[in-house]
Amino acid sequence: CVAGVSRAARACHPAAKGGNMIATAPFGILFRYFGLRYIGWLMISIVGLTSTVTLIQAIELARRASNKLQEGQSINVVGMSLLNIPSVIELTLPISMIVGSMLCFEAWNRSNEFVVSRGFGRSIWAILSPVSFAAGMIGLLFVVLVNPIGSLTSREYEQEMNKLFGSGEQRLSVSADGIWLRDSPPSGQFIINGDMLDVETAKIINPMIYAFSEKNELDLRIRAGSMQLTESGWIIDEAIVWQNDGERTDKGTMMLPSELVALDLGLSSEPPSTIPFVSLPAFINLLESAGLPTIEHRLHFHKLLSLPFLMIGLAMLSARATLTNMTRGRRARLFTRGIVIAVSIFLFSHFMQILGTSLRLPAIVAAWAPAIIVIILGAILLARMDEA
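Owing to the predicted nature of the structure, the values given are computational and were not obtained by experimental measurement.

Novice: Any chance you could explain the pairing of strand S10 (residues 248–256) here in plain terms?
Specialist: Every other side chain in a regular strand lies on the same face of the sheet, so the side chains alternate between the two faces. When strand S9 (residues 233–243) meets S10, the two strands line up antiparallel, connected through 7 bridges. Each bridged residue has a counterpart across the sheet, and for valine 241 the counterpart in S10 is threonine 249. Hairpin remark: S9 followed by S10, antiparallel, with 4 residues in the connecting loop; positive phi at glycine 246, about 90°.

Put into structure tokens, the structure is as follows:
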């Protein structure tokens, strides 16, 4: 405690290394001192929570795999757990921010560094400016570095999980050539390429259908003006059929069997978590041009954009909850406050996401509302604390 007070006092003292302006200026002595200590506590919190959740997931994966795998089969539990680490970081980052911030501010209280800094006439904004900067940089670093890596590992992780436990294979893909859809009825398999998909009517415009036999041999090709998915199968209009020998037949309207339902067409597109942040805008435009729903992808994009601001707001709320004078039962109160903050923000974010997904709110409002409200609330509470 004495060493911490001495360091803070030397950094805050007007005569220290060039005076007051140098100590409190951006990236000055006090700025670097508090900023580096804060980042250290955040890293400890992120690593600790990520390791704990990853270990729990690895144990659960090993349990599920032991019940699923046949004799002689094996699974690399450690490798799959490592693939899922970026997703775990994304899941635990807000909680890690709250825990790390409160631990850091509690350490400042115990060493009286915060009190010393305030005693030298520093406003709470000057003291917490390195904290806000560090929190914003952590959020930005996640968006530009962890997210692109996580998009690749998440895709690999999902593929491995689908191989192990099944029923997750993607049916619909979108590219610059339009939509590509796979349908596998008992009689064979169809690969469908179309210009656009109307999700509401389950209709594909200008489709080219490649029909394969049960032996995965190409039987025929069908060009049509449109095809619509019904309970009985695909109804194809203006169909022209080419056999393998090149013979062409105008079929007009025809019917093909299907194992799909209309809902599959709206839910089978690429998950947002498997697409890098920088590629999301182009992919969203691609989905829109193909007639596919984009609400989940737009929500995910704006949530990533707002993440640095959410981190700053969480740091502010944690400061207000921790940098107060409490004596008896301090640790229990800190734990309770941390739980209340984390649960409240999680429930509010989840509620806004439901409103956005159900189209009751615009995607940009639903995604940005938690970050904006948290940062405004934190600023108001800190302003009242600074006036006290």
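Novice: How should I be thinking about the packing of helix H5 (residues 85–111) against helix H7 (residues 124–165) in this particular structure?
Specialist: When two helices pack together, their arrangement is given by the angle between the helix axes and the distance between those axes. Where H5 meets H7, the closest approach of the two axes is 10 Å, and the angle between their N-to-C directions is 160°. By the criterion of interaxial angle, the relationship of H5 to H7 is roughly antiparallel. As for the relative orientation of H5 and H7, their crossing is right-handed in sense. Together, Pro86, Ser87, Ile89, Glu90, Leu93, Met97, Phe105 and Trp108 of H5 and Ile127, Leu128, Val131, Ala135, Ile138, Phe142, Val146, Gly150, Thr153 and Ser154 of H7 make up the contact between the two elements.

Novice: I tried to follow the environment of glutamate 288 on my own but got confused; where do I start?
Specialist: By secondary structure assignment, the location of glutamate 288 is in helix H9 (residues 280–289). We classify glutamate 288 as partly exposed; its relative accessible area is 44%. Counting along the chain gives 92 residues from glutamate 288 to methionine 196, while the straight-line C-alpha distance between them is 9.2 Å. Non-local contacts of glutamate 288, meaning those with residues more than four positions away in its chain, are made with Thr294 and Arg298.

Novice: Before we go on, may I ask you to explain unusual backbone geometry in this structure?
Specialist: A positive phi angle, close to 55°, is found at alanine 202, a residue other than glycine. Within the secondary structure, alanine 202 is located in the loop between strand S4 (196–198) and strand S5 (203–205). Although it is not a glycine, leucine 359 adopts a positive phi angle of roughly 65°. Relative to the helices and strands, leucine 359 is located in the loop between helix H11 (330–357) and helix H12 (363–387).

Novice: I would appreciate a short explanation of the side chain of histidine 302 in the present structure.
Specialist: In this fold, histidine 302 is placed in helix H10 (residues 295–322). In this structure, histidine 302 is in contact with Ile364, Ala367 and Trp368, ignoring residues within four places of it in sequence.

Novice: Before we go on, may I ask you to explain a nonpolar patch on the surface in this structure?
Specialist: Nonpolar side chains collect at one region of the surface, where Phe133, Met137, Leu140, Leu141, Val144, Leu145 and Ile149 lie side by side and expose about 620 Å² of accessible area between them. Inspection of the secondary structure assignment puts leucine 141 in helix H7. On the basis of relative accessibility, which here comes to 44%, the residue leucine 141 falls in the partly exposed class.

Novice: Help me understand H5, please; the structure alone is not making it clear to me.
Specialist: The α-helix advances 3.6 residues per turn, and as a result positions three or four apart in sequence lie on the same side. Between its first and last C-alpha atoms H5 spans 34 Å; for 27 residues at 1.5 Å apiece the expected length is 39 Å, and the helix comes up short by more than 12%. Of all the bends in H5, the largest measures some 55° and sits at threonine 92, one to four residues before the proline proline 94.

Novice: Which parts of the structure should I look at to understand the nonpolar core?
Specialist: Considering soluble globular proteins, one finds that nonpolar side chains tend to be buried as a cluster. One finds Tyr38, Trp108, Leu128, Trp234 and Ile236 to be the most contacted residues of the largest nonpolar core, which totals 71 residues. Counting residues per element, this core draws most heavily on H10, at 12 residues. Ala58, Leu61, Tyr157 and Phe165 belong to the second largest nonpolar core, which has 8 residues in total.

Novice: Looking at this model, I keep getting lost on the pairing of strand S7 (residues 218–223). Mind explaining?
Specialist: Across 5 bridges, strand S6 (residues 208–212) lies against S7 in antiparallel orientation. Of the residues in S7, the one forming a bridge with alanine 211 is leucine 220. Connecting the antiparallel pair S6 and S7 is a turn made up of 5 residues, with asparagine 216 showing a positive phi of about 60°. As defined by bridge partners, S7 adjoins S9 across 4 bridges and the pair is classed as antiparallel. Paired with leucine 220 across the bridge in S9 is glutamine 243.

Novice: Got a minute to help me understand the packing of H7 against H10 in this structure?
Specialist: Running from amino to carboxyl end, H7 crosses H10 at an angle of 155°, the nearest separation of the two axes being 9 Å. Compared by their axis directions, H7 and H10 come out roughly antiparallel. Seen along the crossing, H7 lies across H10 with a hand that is right-handed. When H7 is examined against H10, the residues Trp125, Leu128, Val131, Ser132, Ala135, Gly136, Gly139, Leu140, Phe142, Val143 and Asn147 are found in contact with a partner set consisting of His300, Leu304, Leu307, Pro308, Met311, Ile312, Ala315, Met316 and Ala319. Taken together, the residues of the contact of H7 with H10 sort by class into 15 nonpolar, 5 polar and no charged.

Novice: Quick question: what am I supposed to make of the packing of aromatic side chains here?
Specialist: Aromatic ring pairs are described here by two measures, namely the spacing of the ring centres and the angle between the planes. What the rule picks out here adds up to 7 aromatic pairs. Counting every residue linked through ring pairs, the aromatic cluster contains Tyr33, Phe34, Tyr38, Phe105 and Trp108.

Novice: Got a minute to help me understand the pattern of salt bridges in this structure?
Specialist: Two side chains that carry opposite charge are able to pair once their charged atoms sit near each other. As enumerated under the stated definition, the model contains 3 salt bridges in all. Glutamate 60 is paired through a salt bridge with arginine 63; the nearest N and O atoms lie 2.6 Å apart. Here glutamate 60 and its partner arginine 63 are both found in helix H3 (residues 29–68), 3 residues apart, which amounts to about one turn of the helix. Relative accessible area serves as the criterion here: at 36%, glutamate 60 is assigned to the partly exposed category. Across the pair arginine 248 and aspartate 250 runs a salt bridge, and its minimum N-O distance is 3.5 Å. The exposure class assigned to aspartate 250 is exposed, which follows from its relative accessible area of 55%.

Criteria and thresholds
- Residues numbered from 1 in each chain as written.
- Predicted model: local features only at pLDDT ≥ 70, side-chain atom pairs only at ≥ 80, totals over all residues.
- Heavy atoms only, no water.
- Pairing = 2+ DSSP bridges.
- Helix = DSSP H or I, 4+ residues; strand = E, 2+ residues; numbered from the N terminus.
- Axes fitted to C-alpha atoms, helices over the stretch in contact; angles between N-to-C directions.
- Parallel < 35°, antiparallel > 145°, perpendicular 65-115°, else oblique.
- Left-handed = near helix turned anticlockwise from the far one by under 90°.
- Contact = heavy atoms within 4.5 Å.
- Buried < 20%, exposed > 50% of the residue type's maximum accessible area, 1.4 Å probe, protein only.
- Patch = residues over 30% accessible without salt bridge, like charges linked within 9 Å, V, L, I, M, F, W, Y side chains within 5 Å.
- Areas by Shrake-Rupley, 256 points an atom, 1.4 Å probe, with all protein chains shown as cover.
- Salt bridge = Lys/Arg side-chain N within 4 Å of Asp/Glu carboxyl O.
- Expected span 1.5 Å × (residues − 1).
- Bend = angle between axes of the 7 residues up to and from the residue.
- Core = buried A, V, L, I, M, F, W, Y, C linked by side-chain atoms within 4.5 Å.
- Nonpolar A, V, L, I, M, F, W, Y, C, P; charged D, E, K, R; others polar.
- Phe/Tyr/Trp six-rings, centres within 6.5 Å; stacked < 30°, edge-to-face > 60°.

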